[in-house]
Amino acid sequence: GAGVSQTPSNKVTEKGKYVELRCDPISGHTALYWYRQSLGQGPEFLIYFQGTGAADDSGLPNDRFFAVRPEGSVSTLKIQRTERGDSAVYLCASSSPGANVLTFGAGSRLTVL
Amino acid sequence: AQSVSQHNHHVILSEAASLELGCNYSYGGTVNLFWYVQYPGQHLQLLLKYFSGDPLVKGIKGFEAEFINSKFSFNLRKPSVQWSDTAEYFCAVNAYKAAGNKLTFGGGTRVLVKP
């Protein structure tokens, strides 16, 4: 596609529920990144994929967070047993091979009640 | 570990005023530096970047930034702002030639330009 696509754009859930957020990167972009942006803060790195594998998952806050990219294109960020503190905008970005610039999607706003 | 500090959280100015946003980073090696902008209701967009060479880089919409290695700074400037420059601005850094492009962002500066 022309840009990085993220769905849903908004998700409201209850504490304790399971959530999946989807990212469809720009076609041909081998690297994919997930960031989390809490209110009033800059984006914080969560995880980075190169192809199908997670090259760096050092930003995942705890084991309730997990992400996959099974075919090296679309990625899903999964959050188990959601907590109110998980409320944030989850951003996805991708980059092409050899490029040092990330292109971001519009984000998925997660609200945990 | 890398860190990025943006000194001003909020800036309010009038059209045609000059803008300078401060950014300092902490990292022991060579870095790539970026400014991203987020206009109201839109996604993060790249404003400009510095990898190497001329430390004064020019970006889109009349923005420029100067890399000062000795001060670990990468301040953003625009000589004359417009109402359409109202946005949130983020400075970011990653390690030069590091595997992957894991960016570390500053906390952002909200800029409001009054017409």
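Before reading further, recall that the structure is shown in the block above.
All values reported here derive from a predicted model rather than from experimental measurement. (Residues numbered from 1 in each chain as written. Chains lettered and ligands numbered in written order. Predicted model: local features only at pLDDT ≥ 70, side-chain atom pairs only at ≥ 80, totals over all residues. Heavy atoms only, no water.)

### A short note on the packing of aromatic side chains
Tallied over the full model, the rule gives 14 aromatic pairs over all chains. Between Tyr35(A) and Phe45(A) the ring centres are 5.8 Å apart and the planes differ by 75°, which places this aromatic pair in the edge-to-face class. In this pair, Tyr35(A) sits in strand S4 (residues 31-37) while Phe45(A) sits in strand S5 (residues 44-50), placing the two residues 10 residues apart along the sequence. With respect to burial, Tyr35(A) and Phe45(A) carry one shared label: buried. Measuring from ring centre to ring centre gives 6.5 Å for Tyr50(B) and Phe74(B), while their planes differ by 45°; the resulting arrangement is tilted. (Phe/Tyr/Trp six-rings, centres within 6.5 Å; stacked < 30°, edge-to-face > 60°. Helix = DSSP H or I, 4+ residues; strand = E, 2+ residues; numbered from the N terminus. Buried < 20%, exposed > 50% of the residue type's maximum accessible area, 1.4 Å probe, protein only.)

### Considering the interface of chain B and chain A
When the parts of a complex come together, some accessible area is lost, and that lost area is often taken as the interface size. Taken residue by residue, the interface counts 18 residues in chain B and 20 residues in chain A. Of all residues in chain B, Leu44(B), Asn101(B) and Lys102(B) bury the most surface against chain A, accounting for 36% of the area lost on that side. Linking chain B with chain A are 1 salt bridge, by the criterion used here. In this structure, the salt-bridge partner of Asp56(A) is Lys102(B), at a minimum N-O distance of 3.2 Å. The tally of links from chain B across to chain A stands at 4 residue pairs in polar contact (both at pLDDT 80 or more). A total of 4 residues in the side of chain B that touches chain A trace back to one element, the largest contributor, which is strand S5 (residues 31-38) of chain B. Taken together, the residues that form the side of chain B that touches chain A break down as 9 nonpolar, 7 polar and 2 charged. (Contact = heavy atoms within 4.5 Å. Buried area = accessible area lost by both parts, 1.4 Å probe. Salt bridge = Lys/Arg side-chain N within 4 Å of Asp/Glu carboxyl O. Polar contact = N/O pair within 3.5 Å; in protein donor to acceptor, adjacent residues only side chain to side chain. Nonpolar A, V, L, I, M, F, W, Y, C, P; charged D, E, K, R; others polar.)

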